[in-house]
Amino acid sequence: MSVKQPRGARPALPGTPKLDEADIEQMIRVDHAGEFGALCIYEGQLAVLERNSAASTNVDAIKRMAEQERTHFAAFERMVKDRAVRPTALEPLWHAAGYALGAATALMGEKAALACTVAVEDVIDDHYAKQIERLGNTDPELRETVAKFHRDEIEHRDEALARGAREAPGYPLLAAAIRLSCRIAISLSERI
Ligand SMILES: [Fe+2]
Ligand SMILES: [Fe+2]
């Protein structure tokens with residue numbers, strides 16, 4: 001019995017896990033939503049930090065991360081269009097929630113903004129690692145995209161940690177709350 005290939009995807013190599021079109025669409029939908037959410041978080045942070053802070057290397061780092069998130073989002077935006085994937089219906093919610101999370105953490109200070117990055121990237125690291133494993137040799141375009149962005153997200157987390165994210169007030173609780181919110185957002189975006 002043959003497995004239906006996802007639209008626009010190259011055929012799977014032998015020995016790869018069987019993923020159907022719906023699985024691939026779900027992956028693209030959630031990644032597109034996640035990169036959009038990440039961009040909104042950074043926009044919320046920068047709106048506050050650029051107004052409140054004096055020039056700072058932390059703010060410069062956040063700007064660089066935001067630029068990378070913009071390229072991540074653009075790549076999934078292209079994939080959603082090329083493959084006619086339905087985007088999540090929750091985009092307006094992620095826009096508002098992401099921006100609010102970014103602004104709220106930035107209002108707590110630069111270290112809290114960086115703690116937000118660590119928490120988000122922890123969840124994304126896990127999410128992308130599982131996706132790469134699940135994809136195996138299926139859909140090399142998607143796999144390579146996810147693998148590249150996975151490396152970028154780990155760099156964001158490492159840089160935020162090196163810049164003192166753990167010194168944020170209430171770090172363990174703050175990070176746990178953000179991780180939980182991200183996991184809920186991922187699970188909802190896969191389905192809705
Ligand atoms: Fe990203
Ligand atoms: Fe990131």
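Residues numbered from 1 in each chain as written. Chains lettered and ligands numbered in written order. Predicted model: local features only at pLDDT ≥ 70, side-chain atom pairs only at ≥ 80, totals over all residues. Heavy atoms only, no water.

## So, the overall build of the chain
Inference 1: Regarding its fold elements, the chain presents six helices and zero strands.
Inference 2: Starting at the N terminus and walking to the C terminus, you meet the elements of the chain as α-α-α-α-α-α.
Inference 3: The globule rule puts the C-alpha radius of gyration for 192 residues at 16 Å, and the 17 Å found for the chain is close to it.
Inference 4: Each principal axis of the C-alpha atoms in the chain carries an extent, and together these give about 60 × 30 × 25 Å.
Inference 5: Here the chain holds 192 residues, and the buried ones make up 49% of them.
Inference 6: For the chain, the share of sequence-separated contacts (at least 6 apart) that also reach a separation of at least 24 residues comes to 83%.
Inference 7: Accessible area for the chain stands at about 9,500 Å²; split by element, carbon and sulfur atoms hold 58% of it.
Inference 8: In the chain, 25 positive and 30 negative side-chain charges are present, and the distance between their average locations comes to 2 Å. (Helix = DSSP H or I, 4+ residues; strand = E, 2+ residues; numbered from the N terminus. Rg over C-alpha atoms; globule rule 2.2 N^0.38 Å. Buried < 20%, exposed > 50% of the residue type's maximum accessible area, 1.4 Å probe, protein only. Contact = heavy atoms within 4.5 Å. Areas by Shrake-Rupley, 256 points an atom, 1.4 Å probe, with all protein chains shown as cover. Lys, Arg positive; Asp, Glu negative; His and termini not counted. Charge placed at Lys NZ, Arg CZ, Asp CG, Glu CD.)

## Topic: the coordination of the iron ion (ligand 2)
Inference 1: Glu69 (OE), Glu121 (OE), Glu153 (OE) and His156 (ND1) make up the full set of protein donors to the iron ion (ligand 2), lying at 1.8 to 2.3 Å.
Inference 2: Coordination geometry of the iron ion (ligand 2): the four donor atoms subtend angles of 90 to 139° at the metal centre, consistent with an arrangement described as irregular.
Inference 3: In the primary sequence, the donor residues of the iron ion (ligand 2) line up as E-x51-E-x31-E-x2-H.
Inference 4: The buried category is assigned to Glu121, whose relative accessible area is 3%. (Donors = N, O, S within 2.8 Å, 3.2 Å for Na, K, Ca; no water. Tetrahedral: all angles 85-135°; square planar, octahedral: opposite > 155°, others 65-115°.)

## Regarding the coordination of the iron ion (ligand 1)
Inference 1: Only Glu35 (OE), Glu35 (OE), Glu69 (OE), His72 (ND1) and Glu153 (OE) from the protein reach the iron ion (ligand 1) as donors, at distances of 2.0 to 2.7 Å.
Inference 2: Mapped onto the sequence, the residues coordinating the iron ion (ligand 1) show the spacing E-x33-E-x2-H-x80-E.
Inference 3: A distance of 3.8 Å spans the gap from the iron ion (ligand 1) to the iron ion (ligand 2), which Glu69 bridges by coordinating each metal. Pair noted here: His72 is in helix H2 (residues 57-82) and Glu153 is in helix H5 (residues 140-162), with a separation of 81 residues, a long-range link.

## Thoughts on unusual backbone geometry
Inference 1: In the Ramachandran plot, Ala84 falls in the positive-phi region, its phi being about 50° despite a non-glycine side chain.
Inference 2: Structurally, Ala84 is set in the loop between H2 and helix H3 (91-107).
Inference 3: Although it is not a glycine, Asp139 sits at a positive phi angle of roughly 50°.
Inference 4: Among the structural elements, Asp139 can be located in the loop between helix H4 (110-135) and H5.
Inference 5: The buried category is assigned to Asp139, whose relative accessible area is 1%.

## Notes on the pattern of salt bridges
Inference 1: The full count for this structure, using the stated rule, is 17 salt bridges.
Inference 2: The salt bridge involving Lys111 is made with Glu167; its shortest N-O contact spans 2.8 Å. Within this pair, whereas Lys111 is found in helix H4, its partner Glu167 is found in the loop between H5 and helix H6 (171-191), the two being separated by 56 residues in sequence.
Inference 3: Relative accessible area serves as the criterion here: at 28%, Lys111 is assigned to the partly exposed category.
Inference 4: For Glu167, a relative accessible area of 57% corresponds to the exposed category.
Inference 5: Look at the salt bridges and you will find they share partners, linking Asp122, Asp125, Arg157 and Arg179 into a network. (Salt bridge = Lys/Arg side-chain N within 4 Å of Asp/Glu carboxyl O.)

## Topic: the side chain of Asn58
Inference 1: Turning to its location among the elements, Asn58 is positioned in helix H2.
Inference 2: Within the structure, Asn58 has its side chain in polar contact with the side chain of Glu110 (distance 2.8 Å).
Inference 3: In this structure the side chain of Asn58 is engaged in a polar contact, spanning 3.0 Å, whose partner is the side chain of Arg163.
Inference 4: With near-sequence residues (within four places) excluded, Asn58 lies in contact with Glu110, Leu114 and Arg163. (Polar contact = N/O pair within 3.5 Å; in protein donor to acceptor, adjacent residues only side chain to side chain.)

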